[in-house]
Amino acid sequence: MSDHGKFATSAIHAGQEPEKWKSWAVCPPISLATTFKQPDPGVTKSGFEYSRGGNPTRNSLEEAFAAICHGKKALVWASGLAGTNAVLQLLRPNDHVLAIDDLYGGTNRLLRRLGEPMGIQADFVPTANVDKFADSMKPNTKLVWIESPTNPLLQITDIRAVVKQVKAKNKDCIIVVDNTFMSAYFQRPLDLGADIEFASVTKYYNGHSDVLMGVTITNNADLAERLQFIQFAAGAVPGPFDCYLVNRGLKTLHVRMAAHAKNAIRVARYLEAHPKVRQVIYPGLESHPGHEIAKRQCHGFSGMVTFRIRGDIEASRTFLKSIKVFTLAESLGAVESLAELPCIMTHASVPAEQRAQLGITDDLIRLSVGIEDIEDLITDLQQALNAAVPGYEATPAVGEFITEDAAKTSAVSKQPATTAAPGNMTPRTPKVNSVSSGVATPTRSAAGYNAPTTSRLAESPARYEGSRPPSRHPPGGQSTITFG
Ligand SMILES: Cc1ncc(COP(=O)(O)O)c(C=O)c1O
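Here the structure is a predicted model, which is why all the values come from computation and not from measurement.

Analysis parameters
Residues numbered from 1 in each chain as written. Predicted model: local features only at pLDDT ≥ 70, side-chain atom pairs only at ≥ 80, totals over all residues. Near = placed C-beta within 6 Å. Helix = DSSP H or I, 4+ residues; strand = E, 2+ residues; numbered from the N terminus. Nonpolar A, V, L, I, M, F, W, Y, C, P; charged D, E, K, R; others polar. Axes fitted to C-alpha atoms, helices over the stretch in contact; angles between N-to-C directions. Parallel < 35°, antiparallel > 145°, perpendicular 65-115°, else oblique. Left-handed = near helix turned anticlockwise from the far one by under 90°. Contact = placed C-beta atoms within 7 Å. Pairing = 2+ DSSP bridges. Buried ≥ 20, exposed ≤ 12 C-beta atoms within 10 Å, placed from the backbone. Core = buried A, V, L, I, M, F, W, Y, C linked by C-beta atoms within 7 Å. Domains from an automatic or database assignment.

Engineer: Help me understand the site of the ligand, please; the structure alone is not making it clear to me.
Structural biologist: Within the structure, the ligand sits among 15 residues, and Ser-79, Gly-80, Tyr-104, Ser-200 and Thr-202 are positioned closest to it. Of all the secondary structure elements, the ones that give two or more residues to the shell around the ligand are helix H3 (80-88) and helix H4 (105-115). Here the shell around the ligand is composed, by residue class, of three nonpolar, 10 polar and two charged.

Engineer: Hey, could you run me through the packing of H3 against H4 in this one?
Structural biologist: Each pair of packed helices can be described by the angle between their axes along with the distance between the axes. For the pair H3 and H4, the least separation of the axes is 11 Å and the interaxial angle reads 45°. Viewed along their axes, H3 and H4 adopt a mutual orientation that is oblique. Where H3 crosses over H4, the two elements pack in a sense that is right-handed. Facing H3, whose interface residues are Leu-81, Thr-84, Asn-85 and Leu-88, H4 presents Gly-106, Thr-107, Leu-110 and Gly-115.

Engineer: Sorry if this is basic, but what is going on with the sheet that holds strand S2 (residues 96-100) here?
Structural biologist: Adjacent strands of a sheet pair through backbone hydrogen bonds, lying either parallel or antiparallel. Taken in spatial order, the seven strands line up as S1-S7-S6-S5-S4-S2-S3 in an open sheet, and their pairing is mixed. Strand pairing shows two members of the sheet lacking a second neighbour, strand S1 (73-77) and strand S3 (121-125), which therefore form its edges. On average, each strand axis in the sheet is inclined to that of its neighbour by 20°, with strand direction left out of account. Both strand S5 (residues 174-178) and strand S6 (residues 196-200) contribute to a ladder of three bridges, which runs parallel. Bridge pairing in S6 links Val-177 to Glu-197. Along the sheet, helix H8 (residues 221-234) makes contact with S1, S5, S6 and strand S7 (214-218), crossing S1 at roughly 25°.

Engineer: Looking at this structure, I do not really get helix H9 (residues 240-250). What am I missing?
Structural biologist: The α-helix advances 3.6 residues per turn, and as a result positions three or four apart in sequence lie on the same side. Counting buried positions along H9 gives nine out of 11 residues, so the element sits mostly inside the fold. Among all positions in H9, only Pro-240, Asp-242, Cys-243, Tyr-244, Leu-245, Val-246, Asn-247, Gly-249 and Leu-250 are buried. Buried-residue contacts for H9 involve helix H1 (7-13), helix H2 (56-68), S1 and helix H10 (253-272).

Engineer: It is not clear to me how the environment of Thr-216 should be interpreted in this structure. Could you clarify?
Structural biologist: Assignment of secondary structure puts Thr-216 in strand S7. Taking C-alpha positions, Thr-216 is 4.6 Å from Phe-198, a pair spaced 18 residues apart along the chain. Leave out the neighbours within four places in its chain, and Thr-216 touches Leu-75, Gly-83, Ala-86, Val-87, Ile-196, Phe-198 and Leu-227.

Engineer: Explain the nonpolar core to me, please; I cannot follow it from the model alone.
Structural biologist: Side chains of a nonpolar character, in soluble globular proteins, are inclined to be buried together. Counting residues in hydrophobic clusters, the biggest one holds 124 residues, and the most contacted among them are Ile-68, Val-176, Val-215, Val-267 and Val-305. Here this core gathers at least three residues from each of two domains, domain 1 (7-250) and domain 2 (253-459). In contact with Val-305, not counting residues within four places along its chain, are Ala-264, Val-267, Ala-268, Val-280, Tyr-282, Leu-367 and Val-369.

Engineer: In this structure, what is going on with the environment of Gly-249? I would like to understand it.
Structural biologist: Looking at the secondary structure, you find Gly-249 in helix H9. For the pair Gly-249 and Tyr-205, spaced 44 residues apart in the sequence, the C-alpha separation amounts to 6.6 Å. Once you skip the residues sitting within four places of it in the chain, Gly-249 turns out to touch Tyr-205, Asn-206, Gly-207 and His-208.

Engineer: Would you mind showing me how to read the sheet that holds strand S11 (residues 338-340) here?
Structural biologist: Read from one edge to the other, the open sheet built from five strands follows the order S8-S9-S12-S11-S10, with strand pairing classed as mixed. At either end of the open sheet lies a strand with only one pairing partner, and these are strand S8 (277-281) and strand S10 (327-328). Judged from the five bridges that link them, strand S9 (residues 304-309) and strand S12 (residues 364-368) form a sheet pairing that is antiparallel. Note on S12: the bridge partner recorded for Met-304 is Ser-368. Against the sheet, helix H12 (residues 313-322) engages S9, S10, S11 and S12, with an angle of about 135° to S9.

Engineer: Is there a simple way to explain the pairing of S6 in this structure?
Structural biologist: Both faces of the sheet carry side chains from a regular strand, because those side chains alternate between them. Extensive coverage of S6 is indicated by the burial of five of its five residues. Judged by which residues are buried, S6 turns out to be covered on both faces: Ile-196, Phe-198 and Ser-200 on one side and Glu-197 and Ala-199 on the other are all buried. By the bridge criterion, five bridges tie S6 to S7 in an arrangement that is antiparallel. Pairing of Glu-197 across the sheet is with Ile-217, part of S7.

Keep in mind these values describe shape, not function.
Structure below.
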């Protein structure tokens, strides 16, 4: 781990020492060479031999990741799923994976569709009751995979509790936490006891919707060595230009995450006060069942907000077709705001019964709140909700939710950074503008959080079947593809 001080300082300087380049360049050069001159056969002067095994631009990025994630070794991969697949390569036939039930659709698909033919069996179990989750371990459970918050329902897992229970049963079981929705700025899984932090770098870490990449970070020397061998032997490495872009993205991560969080709490509070919205799921809201755990284990809350619109699939579609500042698109975590319908987009590859059980229903809309002007974002949501859900004249006044005060959220555990994350403030109750008689603002209880509702789509998946490029459909199986 490089010692470069606090979060922002590490993100800007770790792995970037100008003195390591002949030119003393203040940012890493993009080293495109695939091979490096040797003074003698088998002897390297710079430590580099062939770019699959190591590349100067990639190494700089990996050093930066190790520093900000509090790990000894970071390795980057050609995409998030390439990184997940590399972790799967640590297993052997007849090994068992215990995964959280509500997780990214592509991870679910990878474990079921690629893991099973390799003889690896996976079970998907909720983590709300950690004892029950740990009791689902088998004698051959070698890997535990959790996501917190989950995609798309933003459920929070008590990571320390899972680590304690799992390690008590089998100290050698590898625990991976998918940290895609938080980034190391808001949550450091290695500090909470996980063996590996995994993340889709495509999202917040890069933050500009222009690179696909994954990362694994660990403090365990044996795992680091095995993963590095997999990186070299299987070759799912990102190119130097992508590494350069992500390196640049990391330097503003702390500023971006703070801005995402500040906008997201205001969006969440606005939606929570809105009669055309049935439920808002955001771990930064006091109404979220995982709020207290999140405050203990995170340093803040990210830009992901999920909500249930008061209506059916047509309301969801109209809302998503009406947004103008938000873009209807998969993926998340970049500077621009995105919105999507998980049941037919990102989570279409999750089996229909599992989707229905989890509550990934027709009315569930996922927002990735970007860092645009908050007034424009809330005004956009307001006009799209008006277009999608008729009636309910009394809607909250946008002005109430764009103030500095509206960005306040309840306290989080501690700040990792020199730049303060947007926490440590007091909760506030949203006000609703001119509620006319007979129109009640719906109240949302924690109990309703994960309640599944009837889903037409859950019964008939694959809406977009055929509209995807055929080459991306895996042979002989379910033909819906999960992208972002
Ligand atoms: C939580 C999570 N993990 C993993 C991935 C996969 O990453 P990638 O798309 O970079 O392969 C995604 C992608 O959306 C994700 O949201």
